[in-house]
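# Survey of secondary and tertiary structure
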Amino acid sequence: MKNKKISIRVIFPVVMSASIAACIISCILLFSYYFSTYFQKDAIEKIGKQRDFLAQSLETQIENINVLINRIYYRNIKKYDVDSARFAEEMEQQIFLEEKCLYGLALYDIDGESIWHSGTFAEQEDAKEMAWFLQAKENIETISYGRRRLVLPQEDSYVFEISRYVEYIKDGNMRSGILLMEYYTDSVDEILSHYRNQKSAYCYLLDDQKNMLYHPFDKEIASGLYKEKTIEAALSCKNYRIEKADGQQWLIEGQQIGYTGWNMVVVNSMDSLVLESHNLHYLVWFILLLIGVILIFLDTLVFHNFTNPIYRLLRTMEKFGKGDYNARAQEEGIGELKNVSIHFNIMADKLQEQMEEIRRNEREKQNMEKKLLQSQINPHFLYNTLDSIIWMIRSEEYDGAGEMVSLLAKFFRISLSQGKDMITLEKELEHASSYLAIQNIRFKDKFEFHVDADPELLKYFCPKLSIQPLLENAIYHGMDGMYEDGEIEIRIYEKNGDIKIDVSDNGPGMIQEKIDYIMHNKVVSSKRGSGIGVCNVNERIQLIYGKNYGITISSELDEGTVATITIPKMEEMDEQ
Amino acid sequence: MSSKKKHIILILVLVLIALISFLYMTVRNHRAEKSRITIVLPQNTQEDLSSVQEGIRDYAYDHQIKLDVWYKKQMSEKSFAELVKEEKQNRSMGILLVYPEFYLKKNQNGYKYKEVLALTDTMKESFLHYAAFVRREQEEETYRMPISETVLGQIKSGRKKEVYMENTYRLGYECMQMIEAYGKKKKMESIFLQPLKLDREILEAGSLDALLVR
């Protein structure tokens, strides 16, 4: 359980998934932030352009009004005597020509007394107290734009009171006065009504006294159902301003209209402005979330593909470790992962092979030990030797019989060696000498033998009964067909730091095939011998000392054979 | 919890967020279509309903409400019940009867529909909820929108000191407001509106000009 908690298989996908989720959420937030800012800027720019366009249209219209009032002034008022019939005629003609935009005209002297007015004009009492009159009187160089006034309720007709200071001719004298022109608001209303007039986006027009000249929701305002809350903000802002009202953000853009002192205000709900971007937002969010899901899915899939072979390999290794040596990993996974499985399988194969060899060597060793035990008390050798002793006694060769008994006793004492497997070279040589002496007596001096040993080397240990099989080989094969001229030599010497034991004979020699057959097949020289083959001795030496040691045989036909045992110098050795 | 379960939960959460966003986007686009109010108007009446209709229309436009408008010459009790049932099935937020006295007979027991609001002068007692102007003692001085130019001229000239104007635009607007509130909160109340005072000063100021036009 503890291991599972810290398993990379749990931590890595969770960390990766959490990272992907965090990245996606960050992307969503960043996208929302930057795009909202972008859309907001874009919306402000667009609204600014619309505002400029509206203002430009209004200014063009104001320009036309200015042209009209100036034309009336310069072409009529300043040209004709106000008492003349021509003056009234020209003025009526002017109204007739501009009847679509002109409701009425009136001329007052500087004291507010009416001099002339058109037929439709409703004469105003106390004209000199009126705002339009006072403004025109005070600003004689400019045209004054006054209030908006309802003139024809049945036709929904309003007019702007536009006035200017004029000089008129009366009785041949120039006098000062004020011209009032009542101009229909329709042309201005039409320009402003082109703007979307919804609660979320509208525009309105204020005069310099903050009186409403145009508002799309004038009925609601008059009914008390709506209150314009942006007037102060609009008049205080230079370009645009974002204000919070009624739980919403409002973009307020004001623009002063030239000559008039009017202020046009464009109001837009920020929510509705960025509404168009919402769909894009949701679409991008959806795509990002979808990417997140796909990434997490792929992360899980790839990680599982990556870890599953490792975990299967781990389970195989556990099984192998528990002793199931036939367990092999499935060779799967991506790239190097597959190689890991392949190399594990190669390693397992090699390990199994080596273990098989160890087992086989163990069996071999047991077999050898059994044979050794048998050889220690080889009945054939014993019977034959005892038979030879009996014959010697019967032939009254008591000294020879005594010597043979003595040699036999020495032979068996060393053979047994208290059950030890390793004995000193001195004892092994003594044992070999005893054996050769006994065989020499038995074969009636058929051969001679010599022992040439470096006394310094005799203290070293060697496997018991390792020389005897070579001697048996020399006697039964090398001395075959020899008559008193056979020679067997045992030579012990040091070479390259190792001990060499040569057993040579002057027999007929062997061909290479026979040497190979002796070296690789478990054959014994004679049934009367130890029962241990040269091959067995070689394997036993290699088992104890390694593959660098063992027996080599060299032979030349009609010259003889030399069998060489190579062992390392070891003074003491663990029996096992 | 196993790694696999955590992954499934995480993926489900992300899919859920994506679906909710997508649904929200879809629902938001169609939300306006869900708001619907039924208006029943008298057919061939001499009454000037333009201001009431304008109030209704402006509210519907401002609040993106779809109007189901019926013009009725005559409407029996049965057909009225069917209309109420049918509009309920159409998920209408409520029904506004504009001057039902022109097309619906008085019922002794009254019409006990909670979702119906009647804009009426003479059938107040027939409905649970109604909208009407508060009657003044001097009724001859009270005029309904739009006020004639003659009366306006009399005020301007000083022949009439003051009159009272029944703002039918506002009444229509407020009726819509009430029905929408009922659709959201299931709470309907009757509406009583005071007539507006109109004198020379007010006319000169021009603050009510928008209500004086036809």
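Now for a quick tour of the structure. This is a predicted model, so every value here is computed, not measured.

## As for the environment of Asn173 of chain A
Residue and element names in this part refer to chain A. When you line up the elements, Asn173 lands in strand β5 (residues 173–184). The exposure class assigned to Asn173 is partly exposed, which follows from its relative accessible area of 41%. For Asn173 and Asp81, which are 92 residues apart along the polypeptide, the C-alpha to C-alpha distance reads 8.7 Å.

## Comments concerning the packing of aromatic side chains
All names here are of chain A. Under the defined criterion, the tally for this structure stands at 29 aromatic pairs over all chains. Aromatic side chains Phe35 and Phe39 sit 6.1 Å apart centroid to centroid with 50 degrees between the ring planes, which places their arrangement in the tilted category. Of this pair, Phe35 and Phe39 both sit in helix α2 (residues 8–77), 4 residues apart, which is roughly one turn of the helix. The exposure class of Phe35 is partly exposed, given its relative accessible area of 33%.

## Re the sheet that holds strand β6 (residues 142–144) of chain B
All names here are of chain B. Within the open sheet, the 3 strands sit side by side as β6-β7-β9. Their pairing is mixed. The two strands at the open ends of the sheet, each matched to only one other strand, are β6 and β9 (196–199). On average, each strand axis in the sheet is inclined to that of its neighbour by 40 degrees, with strand direction left out of account. Judged from the 4 bridges that link them, strand β7 (residues 162–166) and β9 form a sheet pairing that is antiparallel. Within the sheet, the bridge partner assigned to Met165 lies in β9 and is Leu196.

## Digging into the pattern of salt bridges
All names here are of chain A. Applying the stated criterion across every chain yields a total of 34 salt bridges over all chains. For Asp246, the salt bridge identified is with Lys229, shortest N-O distance 3.1 Å. Here Lys229 lies in the loop between α6 (218–222) and α7 (231–236) and Asp246 lies in the loop between β8 (240–245) and β9 (248–257), a separation of 17 residues in the sequence. Here Glu243 ties to Arg241 by a salt bridge, and the two come within 2.9 Å at their closest N and O atoms. Overall, the relative accessible area of 32% leaves Arg241 in the partly exposed class. A single network of salt bridges, built from pairs that share partners, joins Arg147, Arg149, Glu161 and Glu182.

## Things to note about the interface of chain A and chain B
Opposite the 35 residues of chain A that make contact, chain B presents 38 residues. In this assembly, chain A packs against chain B so that about 3400 Å² is buried in total across both faces, 62% of it on carbon and sulfur atoms. Sorting the residues of chain A by area buried against chain B places Gln154, Lys219 and Tyr282 of chain A first, and these three jointly supply 21% of that buried surface. In this structure, Lys199 of chain A and Asp62 of chain B form a salt bridge, with 2.3 Å as the shortest nitrogen-oxygen distance. Here chain A and chain B share 10 residue pairs in polar contact (both at pLDDT 80 or more) between them. Mapped onto the side of chain A that touches chain B, the elements with two or more residues apiece are α2, β3 (143–152), α6 and α8 (270–321) of chain A.

The rules we used
- Residues numbered from 1 in each chain as written.
- Chains lettered and ligands numbered in written order.
- Predicted model: local features only at pLDDT ≥ 70, side-chain atom pairs only at ≥ 80, totals over all residues.
- Heavy atoms only, no water.
- Helix = DSSP H or I, 4+ residues; strand = E, 2+ residues; numbered from the N terminus.
- Buried < 20%, exposed > 50% of the residue type's maximum accessible area, 1.4 Å probe, protein only.
- Phe/Tyr/Trp six-rings, centres within 6.5 Å; stacked < 30°, edge-to-face > 60°.
- Pairing = 2+ DSSP bridges.
- Axes fitted to C-alpha atoms, helices over the stretch in contact; angles between N-to-C directions.
- Salt bridge = Lys/Arg side-chain N within 4 Å of Asp/Glu carboxyl O.
- Contact = heavy atoms within 4.5 Å.
- Buried area = accessible area lost by both parts, 1.4 Å probe.
- Polar contact = N/O pair within 3.5 Å; in protein donor to acceptor, adjacent residues only side chain to side chain.

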